[in-house]
Protein chains: 2
Amino acid sequence: MASSPFRSREERDADRVQKREAVLRAAVRMFNAQGFHATSLDDVAASLGVSKPTIYHYLGNKDQVLLECVTRGLEQLREAADATRAQPGNGLDRLRRFLRRYAETMMEDFGRCVVRTPDEALSGESRARFRALKREIDGGMRKLIEEGIEDGSIAPVDVRMASFALAGALNWPGRWHRPDGPESAGDIAGQMVDILTAGLAPRLSEH
Amino acid sequence: MASSPFRSREERDADRVQKREAVLRAAVRMFNAQGFHATSLDDVAASLGVSKPTIYHYLGNKDQVLLECVTRGLEQLREAADATRAQPGNGLDRLRRFLRRYAETMMEDFGRCVVRTPDEALSGESRARFRALKREIDGGMRKLIEEGIEDGSIAPVDVRMASFALAGALNWPGRWHRPDGPESAGDIAGQMVDILTAGLAPRLSEH
DNA sequence: TCTATTTCCTACTGGTGAGTATCTTGCCTA
DNA sequence: TAGGCAAGATACTCACCAGTAGGAAATAGA
């Protein structure tokens, strides 16, 4: 493949996608680092060496930028739920696998943005969509818990409460975890899932 | 006590404290409802039928208002930890009592403000103090877990991870719980603590 | 009665940042 | 080769809001 200064249609399209991606990535990083309100689109643009209208060109207004960030994160979570559903194992096993991926996602750029974004940061239609997506994820988690209770691998609990407890615990790393820290996201996720499924009280009958 | 239009020194002091309190309460309610950045001090003042300089008179600048809100919440948590320390029972019992009060606090005005306030919302010295107070609470929780592990009432776990998991799960109601909902804060707190201490996997040996 | 202090208001300043109007350049297509 | 569209830049507007200046009214104390 000789590289020519004349780019084909596909190349130019790919270019556009790549630039869009770069803008989104820069935005989410700054939102996570400094907070949504403390980040101006001028800042984001400057960090890429471009000007503000460029962001409007690729992504739209600030609301839309944030919505796309959180949507990305929530889609990763939904994919995790879908993948889990297709796997073998009893309910608890599958829930555990889902929770691990959930926690890992929460330590990545877009996942962190989901936890750090309160509903009020978005306005109007965006807020409604944000909420709907979160409800969907919650629904998936509840379903997994229910399946586990049905097959006896999970103790009978209030599904709604359990789901909130798990989500809360696994969202939290998105607030405290630093990606450059000593522990890998996978390690942390694994440990948290163990603690949550085993509980704190010692098990009397463990082989 | 005849009520006279001439107020004593004590009465006037009490008046001042009461007004200060009212301003703080109005502020924290609006911060929780609409978010810190979306709430102007003009809004807070208007909700009390006064003007912005009144807020500056009683509380100082916006940073200081927020700092006092979160400090109140964190002090409630610290009091809970102190009270717990004085109580009888094994480590797990005492931790459970603390966690209940922790969760309940997170569903009240000032507690909710603590969860909803990211570090970046505060600036400079305020931010440092906010972080220090949070670290202190976390230290208290870790200590309780350690004591439980020592006396055998809590399974040996990574204390840091356990503390993060518990805090995350119990902070979360501050984000989703509506005070006017059907379930009382006490009920929710109790259920969440049960789930967290028992774990999800069924216990084989329970009498 | 005179002064100081508390309490609170009206009215301003100044900065910041979202969003837009308009222009330029260059490539693509007809 | 003319017209159109993509990809940006510059340079604005406009609204909002934190924080302040300065003053008025009431009360306290001397």
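Looking at an unreviewed UniProt entry, one finds chain A named Transcriptional regulator, TetR family and attributed to Sphingomonas jatrophae.

A. Expanded view of the protein's contact with DNA strand C. For DNA strand C, the set of nearby residues contains 18 residues, the closest of which are K52 of chain A together with K19, S51, T54 and Y58 of chain B. Counting only atoms of DNA strand C within 4 Å of the protein, the sugar-phosphate share comes to 64%. One of the side-chain nitrogen or oxygen atoms of S51 of chain B is found 2.4 Å away from a phosphate oxygen of DNA strand C. Residue contributions to the surface near DNA strand C peak at 4 residues, all from helix α3 (residues 52-58) of chain B. Looking at side-chain class alone, the surface near DNA strand C contains 6 nonpolar, 6 polar and 6 charged residues.

B. Just the protein's contact with DNA strand D, in detail. Not every one of the 18 residues close to DNA strand D is listed here, only the nearest: R16, S51, T54 and Y58 of chain A together with K52 of chain B. For DNA strand D, the fraction of atoms within 4 Å of the protein that belong to sugar or phosphate moieties is 70%. A distance of 2.6 Å separates a phosphate oxygen of DNA strand D from a polar atom in the side chain of T54 of chain A. Mapped by element, the contributors of at least two residues to the surface near DNA strand D are α1 (9-34) and α3 (52-58) of chain A together with α3 of chain B. Take the surface near DNA strand D: its biggest share by element is 4 residues, from α3 of chain A. Classifying every residue of the surface near DNA strand D by side-chain character gives 6 nonpolar, 6 polar and 6 charged.

C. Up close: the interface of chain A and chain B. Contacts between the two partners involve 45 residues from chain A and, on the opposite side, 45 residues from chain B. Of the roughly 3,800 Å² buried at the junction of chain A and chain B (both faces included), carbon and sulfur atoms supply 64%. The largest contributions to the chain A side of the interface with chain B come from M161, W172 and L200 of chain A, which together make up 19% of the buried area. On inspection of chain A and its partner chain B, the count reaches 4 salt bridges. For E120 of chain B, the salt bridge goes to R116 of chain A, with nearest N and O atoms at 3.3 Å. Put simply, chain A and chain B have 8 residue pairs in polar contact (both at pLDDT 80 or more) between them. Elements represented by at least two residues in the side of chain A that touches chain B include exactly α1, α5 (91-106), α6 (109-116), α8 (159-171), α9 (173-176) and α10 (185-198) of chain A. The greatest single-element share of the side of chain A that touches chain B, amounting to 10 residues, is contributed by α8 of chain A.

D. Representation of a negative patch on the surface in the model. Residue and element names in this part refer to chain A. A surface patch of like charges, here negative, comprises D93, E146, E150 and D151. Mapping D93 onto the fold places it in helix α5. A residue is classified by how much of its surface remains accessible, and D93, at 36% relative accessible area, is partly exposed.

E. View of the UniProt feature "domain: HTH tetR-type" (unreviewed entry) in chain A. When the UniProt feature table is mapped to this numbering, "domain: HTH tetR-type" (unreviewed entry) covers residues 17-77 of chain A. Structurally, residues 17-77 of chain A comprises 79% helix and 0% strand, and the distance from its first C-alpha atom to its last is 22 Å.

F. Broad picture of the relation of the copies chain A and chain B. Relative to chain B, chain A is turned by 180° and slid 0.0 Å along the rotation axis, the superposed coordinates differing by an RMSD of 0.0 Å. As the rotation angle and translation indicate, the two copies are arranged about a two-fold axis. The C-alpha atom lying nearest the rotation axis in chain A is that of G199 of chain A; the distance is 1.7 Å. Looking at the interface residues of chain A, 100% of them are also at the interface in chain B, so both copies use one shared face.

Cut-offs used in this document
Residues numbered from 1 in each chain as written. Chains lettered and ligands numbered in written order. Predicted model: local features only at pLDDT ≥ 70, side-chain atom pairs only at ≥ 80, totals over all residues. Heavy atoms only, no water. Near = heavy atom within 4 Å. Polar contact = N/O pair within 3.5 Å; in protein donor to acceptor, adjacent residues only side chain to side chain. Helix = DSSP H or I, 4+ residues; strand = E, 2+ residues; numbered from the N terminus. Nonpolar A, V, L, I, M, F, W, Y, C, P; charged D, E, K, R; others polar. Contact = heavy atoms within 4.5 Å. Buried area = accessible area lost by both parts, 1.4 Å probe. Salt bridge = Lys/Arg side-chain N within 4 Å of Asp/Glu carboxyl O. Patch = residues over 30% accessible without salt bridge, like charges linked within 9 Å, V, L, I, M, F, W, Y side chains within 5 Å. Areas by Shrake-Rupley, 256 points an atom, 1.4 Å probe, with all protein chains shown as cover. Lys, Arg positive; Asp, Glu negative; His and termini not counted. Charge placed at Lys NZ, Arg CZ, Asp CG, Glu CD. Buried < 20%, exposed > 50% of the residue type's maximum accessible area, 1.4 Å probe, protein only. UniProt positions renumbered as here; feature names shortened; annotations may be inferred. Least-squares fit on C-alpha atoms with pLDDT ≥ 70 in both.

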